[in-house]
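Fold and contact review
Spelled out, the chains give:
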Amino acid sequence: MNMFPNSFISAPNIADWFKFTDNGKVEMISGKVEIGQGINTAFVQIAAEELDIDPSRIDLTAGDTRTKLDGGCTSGSLSMQTEGLSLRKAASAARVVMLEKASELLQSNAGELSIKDGEVFLNGNTTNISYWSLSDALDLNKKVESYMNPKKPNERKLVGKKLNRIDLPFKVTGKPIFIHDLELDNMLHARIVRPPSQSSRLISIDKDSTLKIKGLIKLVQDGSFIAVICKREEVSVKVAEQVKKLCKWSKAPKAVADPIVYIKNFNGEIQTGLLKGEALNNDKINFSTEVSRQYLCHASIGPCCAIACWNKNNLEVHTHSQSVFPLQRSLAAVFKVDENTIDVIHHQGSGCYGHNGSDDVALDAALVAKAIPEIPVRVQWSREDELSWSPLAPAMVTQASAYVNNDGKIENMSLMIKSPPHVKRPVGAAAVNLLSADYLLEPILSPNPIDTALDKGGAADRNSVPLYDIPNLTSQKQIIYDLPWRTSAMRGLGAFVNVYAIETLMDDIASELNLDPVQFRLSHSSDTRIQGVIENVAKLSDWNKKDDGNTFKGIAFSRYKNSGAYCAVVVEIKVDEDIELINVWASVDAGECINPDGIINQIEGGIIQSASCTLIEKVNFENEEIQSKDWETYPIIKFNQVPRTFVNIVSHPDLPFLGVGEAAHGPTAAAISNALRKALGIRIKSIPITRDDIVAALNE
Amino acid sequence: MTEIFNLNINGTNQDVECDPDTPLVYVLRNDLKLKGTKFGCGDGLCGACTVISDGKAIFSCDTPVWSIKDKKIQTIEGISTSSKLHPIQESLIDEQGGQCGYCLSGIIMRAKAFIENNPNSSISDIANDLDRNLCRCGSQSRILRALEKVGIIEASK
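Since we're looking at a predicted model, the values are computed, not measured.

All names here are of chain B. Mapping P20 onto the fold places it in the loop between β2 (12-18) and α1 (24-31). Judged by its relative accessible area of 16%, P20 falls in the buried class. In this structure, the C-alpha to C-alpha distance between P20 and T2, residues 18 residues apart in sequence, is 6.7 Å. If we ignore the near neighbours within four places in the chain, the residues touching P20 are M1, E3, F5, P64, V65 and W66.

Here you go:
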């Protein structure tokens, strides 16, 4: 199943994207959804530019299976590169069709016409013709690809400049914009009663005693899936706790004590993603590192939520899923109904950084609502559900080895990645991949996922090939299926760890050769865009100024997936009892920029989130049971720990868009480590970098 | 047993019938339909549910409704009008301080209480106070830039 279908397969015609309504508005459809990244604003900006209208005229419907536009999954930092481009074409086609009609009515050449905020002007004079005056006469059931004619870079007026986010005014005033805020008539509240750990199953439930629980409208049970339905939300929280005490669950088998040790020692099938030139012989290796990262939680501030209702003729699901069409197919497979009888409708959720529990809670809501037809049921996951039942980002170990010749040039670099799989998204009947489907009386088990191959963007091995001028390169991975925890995509996937391995090794080599890390990288880069961001961030951070003995700087670079945005980061730290992040500078090249402030916002957020993952985060286990259940057992970065951030864009208005959402993660982590090496002369190879690791390394 | 509580929310008195132990966050969101206050953890550890009670920032998720019956409660809905935003809200829009925005109403309410009670605070004072509010998208540096501006304006009044 292609998670990134071409938008024109499902939405070939202009009418599939735009409708001009008689109130001077434009209804626009998007297959990609807002997950906090600002895509709605960028899409509005692209369309307003091509339509020559004010952005405020656009009303956007995004991620709704009742429309035709199947945008697949909003992931991989691909929305701009894929649908953003399709949208530009579709909007330009609408403009072309409108101008053709206007020139026919005005008996003039299209060249004499111009559009200003949707009104047509003939040689600068008003004509009383607009998208709206023509809307009935305008046939938009025409192929986008037959009419499209996007503006040339020098014709664009609106894109490339800051446009304030269209959602922010609602969010700062507390308007009900989130899925959590949606309230349907007669809606009831439900909570799920989960087993103690993933492979536990229900042995028994004392149903007689549940009948005595006050406020319980209905107990839902299907195999080991248990939920409670109540009228009031806070009652459902209490009732779920009471029901939990009446359940007996099977014990999970013992799990490995230390997943990192297990992963390090794992020996499985080796998949070679790339072998360019010669393989690196063990006896030639003169520089190497082995880095690890622990399991991580998505840890959104708002736990996952969904509302479902089994109406007479359809199942209606309100969700904050990244993949509404694939979710529709997976739900159809679970309930064994035609997918066309399920409407999946997206609403904004709390920040989404990958495949979290949003799809899972949608199935939960549908399962619960089935027990009480024609009444909408809202399922709100608890904080514990969110942290310990969403898919985790897998722990990983990456080995990077290099041969550096006598001229100080890297001749060969080789990476070996060991990791549980990174992609377990719902796609439909072939892989339902929804949490509670495994717990039903007739469970719907999903096959082992395939960790995406490197030539398709990679997953565990994402960014395992350095972009530097190195003639011989190898990337290999071993995927581990026998660790018990459910894992899937989280921001950057393997790139976070692989960039950490490559970019800390680059600094280790530079240091050994007594070379400046910036110069060393530049001496291995003939790509002017790589040089561009590295030189730019060096300038921005005053790199050449000597460290003052109090604060220290480290640099790192990567191009996300080797096909997305280029990003170079310099981190300045101070080390007392802990690592204190002072300033972080970044330079990013995302090709053509639609909304520069949106790009800067994504990079700043990426820097801070990556800093949190690098210095603080780790899932704790006791055997299989996840012990990270609240913000005390899974702390994240706090306001007084964040650095000041300064981001600069290297813009190329004539080059294609490059996704930025995941560009900052790897370089930030490596730059922190490189600054720490400068400060204390130690290399920490395990993430998170904790005070204990630093003390141990200093004592070695 | 349920009871009727007469609550003062955003300057208006309203009756709510519920169990006395009901956390305020549910009363605000579900009984009074004030959805701006968010549920985040239920433990007073993330700040998404922050509201102002008699001028002090509190977590509405671990505040039972019985305990606020004599207090004046302010929520995100009560700090602006349709024509005029609060300076913090304005400044956040100017700085584009936010991504998903789920944490924002709690952060705005805590910052408002802090800046009003401590008009000469530095940005690090504000950051320390906001330690009880989490943001996962990493908007902190932008939010602090926005609050710094408001703090300076308030202090110069």
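Given two aromatic rings, their pairing is described by the distance between the two centres and the angle made by the two planes. The final tally for this structure, using the stated rule, is 14 aromatic pairs over all chains. Taking 5.3 Å as the distance between ring centres and 75 degrees as the angle between the ring planes, the aromatic pair formed by A:F178 and B:Y102 counts as edge-to-face. Placement of the pair is A:F178 in the loop between α5 (168-172) and β7 (188-193) and B:Y102 in the loop between α2 (87-95) and α3 (104-117), with the two residues belonging to separate chains. Of the two residues examined, A:F178 and B:Y102, each falls in the buried class. Of the aromatic side chains, those joined through ring pairs into one cluster are A:F20, A:Y131 and A:W132. Its end group placed over the ring of A:Y439, A:R201 keeps NZ or CZ at 3.9 Å from the ring centre. Here A:K678 stacks its cationic end above the ring of A:W543, 4.3 Å away from the centre of that ring.

What follows covers the packing of helix α15 (residues 596-615) of chain A against helix α16 (residues 665-680) of chain A. All names here are of chain A. Contact geometry for α15 and α16: axes closest at 8 Å, N-to-C directions at 50 degrees. The angle between α15 and α16 places the two elements in the oblique class. The two elements α15 and α16 cross, and the hand of that crossing is right-handed. Only H665, T668, A669 and I672 of α16 make contact with α15, whose side of the interface consists of G606, I607, Q609, S610, A611, T614 and L615. Partitioning the contact of α15 with α16 into residue classes produces five nonpolar, six polar and no charged.

A separate point is the pattern of salt bridges. By the definition in use, this model includes 46 salt bridges over all chains. With a shortest N-O distance of 2.4 Å, A:E234 and A:R232 are connected by a salt bridge. Linked through salt bridges whose partners overlap, the residues forming this network are A:D597, A:E604, B:E95, B:R142, B:R145 and B:K149.

Conventions used here
- Residues numbered from 1 in each chain as written.
- Chains lettered and ligands numbered in written order.
- Predicted model: local features only at pLDDT ≥ 70, side-chain atom pairs only at ≥ 80, totals over all residues.
- Heavy atoms only, no water.
- Helix = DSSP H or I, 4+ residues; strand = E, 2+ residues; numbered from the N terminus.
- Buried < 20%, exposed > 50% of the residue type's maximum accessible area, 1.4 Å probe, protein only.
- Contact = heavy atoms within 4.5 Å.
- Phe/Tyr/Trp six-rings, centres within 6.5 Å; stacked < 30°, edge-to-face > 60°.
- Lys NZ or Arg CZ within 6 Å of the ring centre and 35° of its normal.
- Axes fitted to C-alpha atoms, helices over the stretch in contact; angles between N-to-C directions.
- Parallel < 35°, antiparallel > 145°, perpendicular 65-115°, else oblique.
- Left-handed = near helix turned anticlockwise from the far one by under 90°.
- Nonpolar A, V, L, I, M, F, W, Y, C, P; charged D, E, K, R; others polar.
- Salt bridge = Lys/Arg side-chain N within 4 Å of Asp/Glu carboxyl O.

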